[in-house]
Amino acid sequence: MLLQLTVIVLMSVAASYAFQYTETTYQINELCFYRYVAYTITVFLGYICFSHYKKYVGLAFSFALSAVALSPIGQKAIELFPSVVPFLAVLMGVTTVLVIPNSRGRGFLEFLVVLILPAVLAVSRIGGSFYLLATTQSIGYYELSAITVIIVGGYFYLRYAALANLSGLQLSSSGGNKNDVAEVSKRCNVITILVITGASGIAAFLMVTAPIVADALRTAAVTLPLYVLALALGAGIAITIVFYVFQLSQKENTQVLHTK
């Protein structure tokens, strides 16, 4: 649990760093429009995170955040939102991973993606565009690459660590002895290490190849805004979904054969 908490904090701080150094060209009341968007999404995802625990807790949390935004100090609250983001991220992560392991970080990862997405779009852009929604102040491509790898690897670690914890608890409750629990935990740890290594490796590979693709497409996209890093991440997500669907189909076929 201590290691999981450390990973949650590391992912939250990394994503918050990207969020704090990303601005949008559109402003409301002389404040970055992206701050308002992130605040609104936090209200929604906060409800999702806490509703797995207790519905009224999620509703109260969302209502409290909304009340702050709509109050006379709302503009000041939005202005100070970047400094509160790490706390909110850690709170969501602890709730959806440690307090409610069944949710396996649902809502937490989405929040981190919301924090880094504009930075991904801004840093990965090639070609000219005067309508870019986000700009970065001091975060660089390699910093963003490291943050992305941390979030990808951390997410898969937390997901499979929660799965290992649940498997151990279920085995213990069904009468399994200590040796069985230890064997299941060992196998889950091996799978977790392999998954983290694979996911982080794929993310790092996409980061390395994105600039090469950008150079190859630069002449063809002089006037067209092309988000190479975003496209690379999208390709990685698509590959992951294909493998996941294939895994589910194989599992269903196996269950059908056992039933027959």
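Note: the structure precedes this text.
Everything in this summary refers to the structure shown in the same document. All of these numbers come straight from a predicted model, not from anything done at the bench.

### What to know about empty space enclosed by the protein
Now for step 1: For the structure shown, the criterion picks out one cavity of 30 Å³ or more.
Now for step 2: Looking at the largest cavity, its volume works out to about 40 Å³.
Now for step 3: Around the largest cavity sit Met 11, Val 97, Arg 104, Gly 105, Phe 108, Leu 109, Tyr 155, Leu 158 and Arg 159, which together line it.
Now for step 4: Elements represented by at least two residues in the lining of the largest cavity include exactly α5 (108–123) and α6 (141–173).
Now for step 5: The leading source of residues in the lining of the largest cavity is α6, at three residues.

### Examining the nonpolar core
Now for step 1: Formed by 44 residues in total, the largest nonpolar core has its most connected members in Phe 108, Phe 111, Leu 112, Leu 115, Ile 116, Ile 151 and Leu 158.
Now for step 2: Listed by contribution, the elements that provide at least two residues to this core are α1 (2–20), β3 (31–32), α2 (33–51), α3 (55–70), α4 (74–99), α5 and α6.
Now for step 3: With 10 residues, the top contributor of residues to this core is α5.
Now for step 4: Non-local contacts of Phe 111, meaning those with residues more than four positions away in its chain, are made with Thr 42, Leu 45, Val 85, Leu 88, Ala 89 and Met 92.

### Here's the deal with the packing of α4 against α5
Helix packing for two helices is described by the angle between their axes and how far apart those axes are.
Now for step 1: Running from N to C, α4 and α5 cross one another at 155°; their axes reach a closest spacing of 9 Å. The angle between α4 and α5 places the two elements in the roughly antiparallel class. From α4, Val 85, Leu 88, Ala 89, Met 92, Gly 93 and Thr 96 reach across to α5, where they touch Phe 108, Phe 111, Leu 112 and Leu 115.
Now for step 2: Counted by class, the contact of α4 with α5 contains eight nonpolar, two polar and no charged residues.

### A word on the packing of α2 against α3
Now for step 1: It is the contact of α2 with α3, at a shortest axis distance of 7 Å, that shows an interaxial angle of 165°. The orientation of α2 relative to α3 falls into the category roughly antiparallel. Where α2 crosses over α3, the handedness of that crossing is right-handed. Of the residues in α3, those touching α2 at Tyr 39, Thr 42, Val 43, Gly 46, Tyr 47, Phe 50 and Ser 51 are Lys 55, Val 57, Gly 58, Leu 59, Phe 61, Ser 62, Leu 65, Ser 66, Val 68 and Ala 69.
Now for step 2: In the contact of α2 with α3, the residues fall into 10 nonpolar, six polar and one charged.

### A few points about the packing of aromatic side chains
Now for step 1: One pass over the full model with this rule turns up five aromatic pairs.
Now for step 2: On the numbers, 5.1 Å between centres and 65° between planes, the contact of Phe 19 with Tyr 34 is edge-to-face. Residue Phe 19 is found in helix α1, and its partner Tyr 34 is found in helix α2; the two are separated by 15 residues along the sequence. For the pair Phe 19 and Tyr 34, a shared accessibility class is recorded, and that class is buried.
Now for step 3: With a centroid separation of 4.8 Å and an interplanar angle of 40°, the aromatic rings of Phe 50 and Phe 61 are classed as tilted. Here Phe 50 is found in helix α2, whereas its partner Phe 61 is found in helix α3, with 11 residues between them in sequence. Like Phe 61, Phe 50 is buried.

### So, the side chain of Arg 35
Now for step 1: Residue placement: Arg 35 occurs in helix α2.
Now for step 2: Of the residues examined, Arg 35 reaches a relative accessible area of 7% and is grouped as buried.
Now for step 3: Ignoring sequence-local partners within four residues, the contact set of Arg 35 consists of Phe 19, Gln 20, Thr 22, Glu 23, Ile 78, Phe 81 and Pro 82.

### Things to note about a nonpolar patch on the surface
Now for step 1: On the surface, Leu 2, Leu 5, Val 9 and Val 13 cluster together into a nonpolar patch covering about 340 Å² of accessible area.
Now for step 2: Here Val 9 lies in helix α1.
Now for step 3: Judged by relative accessible area, which is 32%, Val 9 ranks as partly exposed.

How each quantity is defined
- Residues numbered from 1 in each chain as written.
- Predicted model: local features only at pLDDT ≥ 70, side-chain atom pairs only at ≥ 80, totals over all residues.
- Heavy atoms only, no water.
- 1 Å grid on protein atoms, 1.4 Å probe; cavity = no way out; pocket = protein on both sides within 12 Å on 5 of 7 lines; lining within 4 Å.
- Points joined across faces, edges and corners; volume = space filled by probe spheres on them.
- Helix = DSSP H or I, 4+ residues; strand = E, 2+ residues; numbered from the N terminus.
- Core = buried A, V, L, I, M, F, W, Y, C linked by side-chain atoms within 4.5 Å.
- Buried < 20%, exposed > 50% of the residue type's maximum accessible area, 1.4 Å probe, protein only.
- Contact = heavy atoms within 4.5 Å.
- Axes fitted to C-alpha atoms, helices over the stretch in contact; angles between N-to-C directions.
- Parallel < 35°, antiparallel > 145°, perpendicular 65-115°, else oblique.
- Nonpolar A, V, L, I, M, F, W, Y, C, P; charged D, E, K, R; others polar.
- Left-handed = near helix turned anticlockwise from the far one by under 90°.
- Phe/Tyr/Trp six-rings, centres within 6.5 Å; stacked < 30°, edge-to-face > 60°.
- Patch = residues over 30% accessible without salt bridge, like charges linked within 9 Å, V, L, I, M, F, W, Y side chains within 5 Å.
- Areas by Shrake-Rupley, 256 points an atom, 1.4 Å probe, with all protein chains shown as cover.
- Salt bridge = Lys/Arg side-chain N within 4 Å of Asp/Glu carboxyl O.

In short, shape yes, function no, at least from these values alone.
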